[in-house]
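Chains, contacts and geometry: an overview
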Amino acid sequence: MKTLVTNGTVVTASDSYRGDVLIEDGKVSAIGVSLSPDADRTIDASGKYVLPGGIDVHTHLDMPFGGTTSADDFESGTIAAAHGGTTSIVDFAIQYKGQTLRQAWEAWMKKAQGKAAIDYGFHMIITDLPDTVEQEMDAMVAEGVTSFKLFMAYRGVLMLDDGAIFRALSRTGGNGGTICMHAENGDVIEVLVRRALAEGRTAPKYHALTRPARAEAEATYRAICLAEMAGVPVYIVHLSAAEALEKVTEARDRGLPAYAETCPQYLFLSYANYEEPGFEGAKYVMSPPLRAQGNEEKLWRGLSGNDLAAVSTDHCPFCMKEQKELGKNDFSKIPNGAPGIETRMHLMHDGGVRKGRISLNRFVELTSTSPAKIFGLFPRKGTIAPGSDADIVIFDPEKKHTISAKTHHMKVDYNPYEGREVTGRVETVLSRGKVIIESGKFTGKAGAGEFLKRKPRSA
Ligand SMILES: [Zn+2]
């Protein structure tokens, strides 16, 4: 099966040029001008960008949280991702207390197998680290689960203490794994939450007001120091506050391998959203919370340099009905998370590239290439080059559309960007050479996604 994508502008993290892309057996086999093989199928990309498929390294599909489960499973979530130009995800498997890492990995593989429509990998969330589990981290890296997420918040549920975090970090010095950190000072937040509730402050906005930027900055700094003492890199997930970014910048200026991602919600929404009438603010209850207006400008600056290395979504959808409502009378019971797997590429193109904040190449780097490199998928994923998987997005840079829950494909009853018009639209999506989105319709197959066995850092 040979497919030829002709006449488009091929865009990678480093180049943009007119060219044809030939795909054979699911891989890019040649790039050139006026390629004329006997292709079985030709896709005309005149006037369009030909981009490497998006890679979202922070999603939570089918995830239990606070007495409910995120609304998208691996089928609806990955189909929505494909609609938005994302062709690979790295989701999170959770090791609960007393479990081995392998048990957790197998449980999440079952959730994804037969359902995922695009390729998927897993980070492993460690919530319990006896010596046996610490040793087991090596085996996970060998299986291609090469990154681990640790929490500095949610004591008693997900949080590890500094000693355990330090041991996990040290272990990755030998096995080539990468530690991803949820950096918020959970103990301070818990005191603030208890105080607010005792004073009768129960509305959604108190979720944000009890999670100060300084609590994120402090934990970010501590995470970086722990990694420095262990002599390993660290990756800060969903960085939201400029105060936390300062800590990453300072570390990088000292030459430390400190990496961080941010998410579109921190670039396009703000604290003001919590002030929406009634219970509407619950739509934006996520951790870390949205920050004050003006914060986003500093994040954009971090993205245009390299202090922020990637844009992921932290997609973790909960419906307003029956799910967010669990916290109607108590903000601390609102499930934390918001949908975004489908809107990332469109928002970053419109708000980043069109507005002149980042270049088109940087857009590709932030949404695909850099996550692929950091998490052991490059060059199989994250670029268009001979030998790489033919995960390709044909993107019309001029086509406008309006983001809305009425038309999105995520299984959630609201969209945080409702009514926002964006310019630029995903038109056709190929996953390993197969067309899975065509003229806005899903033509792929649930279960066609493959597990991504990722490489360790040293490889
Ligand atoms: Zn998350």
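Residues numbered from 1 in each chain as written. Predicted model: local features only at pLDDT ≥ 70, side-chain atom pairs only at ≥ 80, totals over all residues. Heavy atoms only, no water.

**Concerning helix α8 (residues 242–253)**
Note the threshold: Strands here mean DSSP runs of E at least two residues long; helices mean DSSP runs of H or I at least four residues long; both are numbered from the N terminus. Under the convention used throughout, the expected extent of a helix is 1.5 Å for every residue step, that is, one less than its residue count. Under the scheme applied here, a residue whose accessible area is under 20% of the maximum for its type counts as buried, over 50% as exposed, and between as partly exposed, the area being computed with a 1.4 Å probe on protein chains only. Working rule for contacts: check all heavy atoms of both residues, and any pair within 4.5 Å makes them a contact.
For α8, with 12 residues, the first-to-last C-alpha span of 16 Å sits near the 16 Å given by 1.5 Å per residue. Every buried residue of α8 is listed here: Ala242, Ala244, Leu245, Lys247, Val248 and Ala251. Buried-residue contacts for α8 involve α7 (213–230), β13 (234–236), β14 (258–262) and α10 (295–304). Following α8 by one or two positions, Gly255 adopts a phi angle in the positive range, close to 90 degrees.

**Side note on the state of the cysteines**
Cut-off, in case you're wondering: Only a pair of cysteine sulfur atoms within 2.5 Å qualifies as a disulfide here.
One pass over the full model with this rule turns up zero disulfides. We note that Cys180 lacks a disulfide partner, and the nearest cysteine sulfur, in Cys263, lies 12 Å from it.

**Describing the packing of α8 against α10**
Think of two packed helices as two axes; the pair is described by the angle between the axes and how far apart they sit. What counts here: For helices, the fitted line uses only the C-alpha atoms of the stretch in contact; every axis is such a line through C-alpha atoms, and the angle between N-to-C directions lies from 0 to 180 degrees. With respect to orientation, any angle under 35 degrees is reported as roughly parallel, any angle over 145 as roughly antiparallel, any angle of 65 to 115 as roughly perpendicular, and every other angle as oblique. Note on convention: near helix rotated counterclockwise from far helix by under a right angle means a left-handed crossing. Clockwise means right-handed.
One way to put it is that α8 packs onto α10 with a least axis distance of 9 Å and a crossing angle of 25 degrees. Relative to α10, α8 is oriented roughly parallel. As for the relative orientation of α8 and α10, their crossing is left-handed in sense. For the pair formed by α8 and α10, the contact residues are Ala242, Glu243 and Leu245 on the first element and Asn295, Lys298, Leu299 and Gly302 on the second.

**Quick look at the packing of aromatic side chains**
Stated formally: Any pair of Phe, Tyr and Trp rings, taking the six-membered ring for Trp, is counted once the centres come within 6.5 Å. Such a pair is stacked with planes under 30 degrees apart, edge-to-face with planes over 60 apart, and tilted for the rest.
Counting across every chain of the model gives 16 aromatic pairs. Here Phe65 and Phe318 contribute two aromatic rings whose centre-to-centre distance is 6.3 Å and whose plane-to-plane angle is 45 degrees, an arrangement assigned as tilted. Pair noted here: Phe65 is in strand β7 (residues 64–65) and Phe318 is in the loop between β15 (310–311) and α11 (344–354), with a separation of 253 residues, a long-range link. The same class applies to Phe65 and to Phe318, which are both buried. Among the aromatic residues, those joined into a cluster by ring pairs are Phe74, Trp105, Tyr120, Phe122 and Phe451.

**Side note on the side chain of Asp119**
Convention followed: Here a polar contact is taken to be a pair of N or O atoms separated by no more than 3.5 Å, where protein atoms must pair a possible hydrogen donor with a possible acceptor and residues adjacent in sequence count only if both atoms sit in side chains.
If you trace the backbone, Asp119 turns up in strand β10 (residues 119–126). Residue classification places Asp119 among the buried residues on the basis of a relative accessible area of 0%. At 2.7 Å, the side chain of Asp119 and the side chain of Lys381 are in polar contact. At 2.6 Å, the side chain of Asp119 and the side chain of Arg432 are in polar contact. Setting aside residues no more than four positions away along its own chain, Asp119 makes contact with Thr87, Ser88, Ile89, Arg380, Lys381, Asp389, Arg432, Ala448, Gly449, Glu450 and Leu452.

**Description of the packing of α7 against α8**
Condition: When residues are grouped by polarity, Ala, Val, Leu, Ile, Met, Phe, Trp, Tyr, Cys and Pro land in nonpolar, Asp, Glu, Lys and Arg in charged, and all others, Gly among them, in polar.
Between α7 and α8, the least distance of the axes is 7 Å, while the angle of their chain directions is 20 degrees. Classed by the angle they form, the pair α7 and α8 counts as roughly parallel. As α7 packs across α8, the resulting crossing turns out to be right-handed. Taken together, the residues of α8 that come into contact with α7 (itself represented by Ala213, Arg214, Glu216, Ala217, Thr220, Tyr221 and Ile224) are Glu243, Ala244, Lys247, Val248, Glu250 and Ala251. Class assignment of the residues belonging to the contact of α7 with α8 gives a composition of seven nonpolar, one polar and five charged.

**Observations concerning the coordination of the zinc ion**
Stated precisely, the cut-off is as follows: Here the term donor refers to an N, O or S atom within 2.8 Å of the metal (or 3.2 Å for Na, K and Ca), and because water is left out of the atoms, sites may appear incomplete.
Those donors, His58 (NE2), His60 (NE2) and Asp314 (OD), are the protein atoms that reach the zinc ion, and they lie 2.1 to 2.2 Å from it. Between consecutive donors of the zinc ion, the numbers of intervening residues give the motif H-x1-H-x253-D. Placement of His60 in the loop between β6 (54–59) and β7 and of Asp314 in the loop between β15 and α11 is noted, with a sequence separation of 254 residues between them. On the basis of relative accessibility, which here comes to 10%, the residue Asp314 falls in the buried class.

**Describing the nonpolar core**
Most often, soluble globular proteins have nonpolar side chains that are buried together. We apply this condition: Here, nonpolar core means buried Ala, Val, Leu, Ile, Met, Phe, Trp, Tyr and Cys residues that are tied together by side-chain atoms lying within 4.5 Å of each other.
Core analysis: the largest hydrophobic core is formed by 122 residues, its most contacted members being Phe122, Met124, Ile126, Leu169 and Met181. The dominant element in this core, judged by the number of residues it contributes, is α7, at eight residues. Not counting chain neighbours up to four residues away, the residues in contact with Met181 comprise Leu150, Met152, Ile165, Leu169, Ala223, Val234, Tyr235, Ile236 and Val237. In terms of nonpolar packing, the next biggest core, distinct from the first, is built from 14 residues, Val21, Ala45, Ile384 and Leu430 among them.

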